[in-house]
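# Structural overview for review
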Amino acid sequence: MNSNHVSVEALQRFIQSAFVSQGLPEADAGQVASLMAEADLQGSDGHGVIRLPQYIKRIQAGGINKHPKIRVVQERAAMAVVDGDNGMGHLVVSRAVDIAIEKARTCGVAWVGTRYSNHAGPASLYARRPLQHDMLGLYFAVGNANHLPPWGGMDMLLSTNPIAAGIATDEEPPVVLDMATTVAAYGKVKAKAKRGEQMPPGWMIDRQGKPLLDPNRAGEGFLLPIGDHKGYGLALIVGLLAGTLGGAAMGRDVIDFNADFKTTTNTGQAILVIDLAAFGDPAVFKGAVDKLVRDIRDSERLPGVDRIWLPGEQSHEKRGRYREQGIPIAAGLMTDLHTLASDLGIAPLQEMALA
């Protein structure tokens, strides 16, 4: 592996050791580390190890409960609300997905929402999990900082509020859509800043409505919604479903976890799981999806287009390539992680990569 590439196993060990050093139980630290490393493995580099220093700051400031009592507080046959007790979001959402999968086995479909959760990484991680059980997953979340004003306004009352869907296939890679309701997720802005790159036009504008290209000046403007007013409307609906419905923060109540490390965020997420067997033979459905995937991929292309991609295919390819070649870590991020390791008294990532 190149010096700036690390294995997923080394990355996971490093992240886990960082959390354990701050008092997270070994099993919880391992579960969070596994999901964070998986985010980087699939190329979601705005939601993987780049978030570790921020998570550590919140833990050190008391903004994260290291020993949460994650519990169901509302429940019917096909739904539940999970109170995360301000624990790490990865743990809270994982519990919600597990509950939804079990309920869907009985009811055919299940909706489980969270409150008093925290940032949990890329939405696709959780939409994909039901696929292992011949189920579909639809995931919704309220972002952990408001970066989007209502259409035509300047007060940032909405966040990127992502949506993800995991659709099972047979032989083809699963169809996995993971999208913010803004043109770009704020994590991508942070990743651009870490790599020293400019943002393309169309991601952000400043308060005079002019394009904002420098990611280090992101605080001077706001993200743009996908599809103009349609993206604003979609962000609002996602926030109402993932946040307000389950008793989580929305609108002015959302805490900017980039600037406030102490205050409980009360982050809300929701997972909808559908059991394929409730609608017929799962193999028939998955075969039909395979056929549609191939029809789309093999359809006539515009001049200059080499390939038509399906949602999730590029992440699928990165998973394979990064497992073989290692996960690329930007030089600036590697420096930050080295400093963090020194501050926490743990082995640096470079040493774990050589182990």
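First, a word on scope: everything that follows refers to the structure included in this document. (Residues numbered from 1 in each chain as written. Predicted model: local features only at pLDDT ≥ 70, side-chain atom pairs only at ≥ 80, totals over all residues. Heavy atoms only, no water.)

### A closer look at the sheet that holds strand β2 (residues 71-76)
Within the open sheet, the seven strands sit side by side as β2-β3-β4-β10-β5-β6-β7. Their pairing is mixed. Each edge of the open sheet is held by one strand with a lone partner, namely β2 and β7 (175-179). Along the sheet, successive strands turn relative to each other by an average axial angle of 10°, direction set aside. With respect to the sheet, helix α4 (residues 89-107) is in contact with β2, β3 (79-83), β4 (109-115), β5 (135-141) and β10 (269-275), its orientation differing from that of β4 by roughly 160°. (Pairing = 2+ DSSP bridges. Helix = DSSP H or I, 4+ residues; strand = E, 2+ residues; numbered from the N terminus. Axes fitted to C-alpha atoms, helices over the stretch in contact; angles between N-to-C directions. Contact = heavy atoms within 4.5 Å.)

### Overview of the pairing of β3
The element β3 is extensively covered by neighbouring structure, given that four of its five residues are classed as buried. Two strands pair when backbone bridges link them, and β2 and β3 are joined in this way by five bridges, in the antiparallel orientation. Note that in β3 the partner of Glu75 across the bridge is Ala80. Connecting the antiparallel pair β2 and β3 is a turn made up of two residues. Taken together, β3, α4 and β4 form a β-α-β motif whose crossover is right-handed. (Buried < 20%, exposed > 50% of the residue type's maximum accessible area, 1.4 Å probe, protein only. Right-handed = clockwise from strand over helix to strand, strands pointing away.)

### As for the pattern of salt bridges
Applying the stated criterion across every chain yields a total of 21 salt bridges. In this structure, Glu171 engages Arg294 in a salt bridge whose closest nitrogen and oxygen atoms are separated by 2.9 Å. Of this pair, Glu171 sits in the loop between β6 (163-167) and β7 while Arg294 sits in helix α8 (residues 282-297); the two residues are 123 residues apart in sequence, bridging distant segments of the chain. Residue class for Arg294 comes out partly exposed when judged on its relative accessible area of 30%. With a shortest N-O distance of 3.0 Å, Lys291 and Asp295 are connected by a salt bridge. In this pair, Lys291 and Asp295 both sit in helix α8, four residues apart, roughly one turn of the helix. A relative accessible area of 41% places Asp295 in the partly exposed class. Through salt bridges with shared partners, a single network forms among Glu171, Glu172, Asp290, Arg294, Arg297, Arg307, Glu313 and Glu317. (Salt bridge = Lys/Arg side-chain N within 4 Å of Asp/Glu carboxyl O.)

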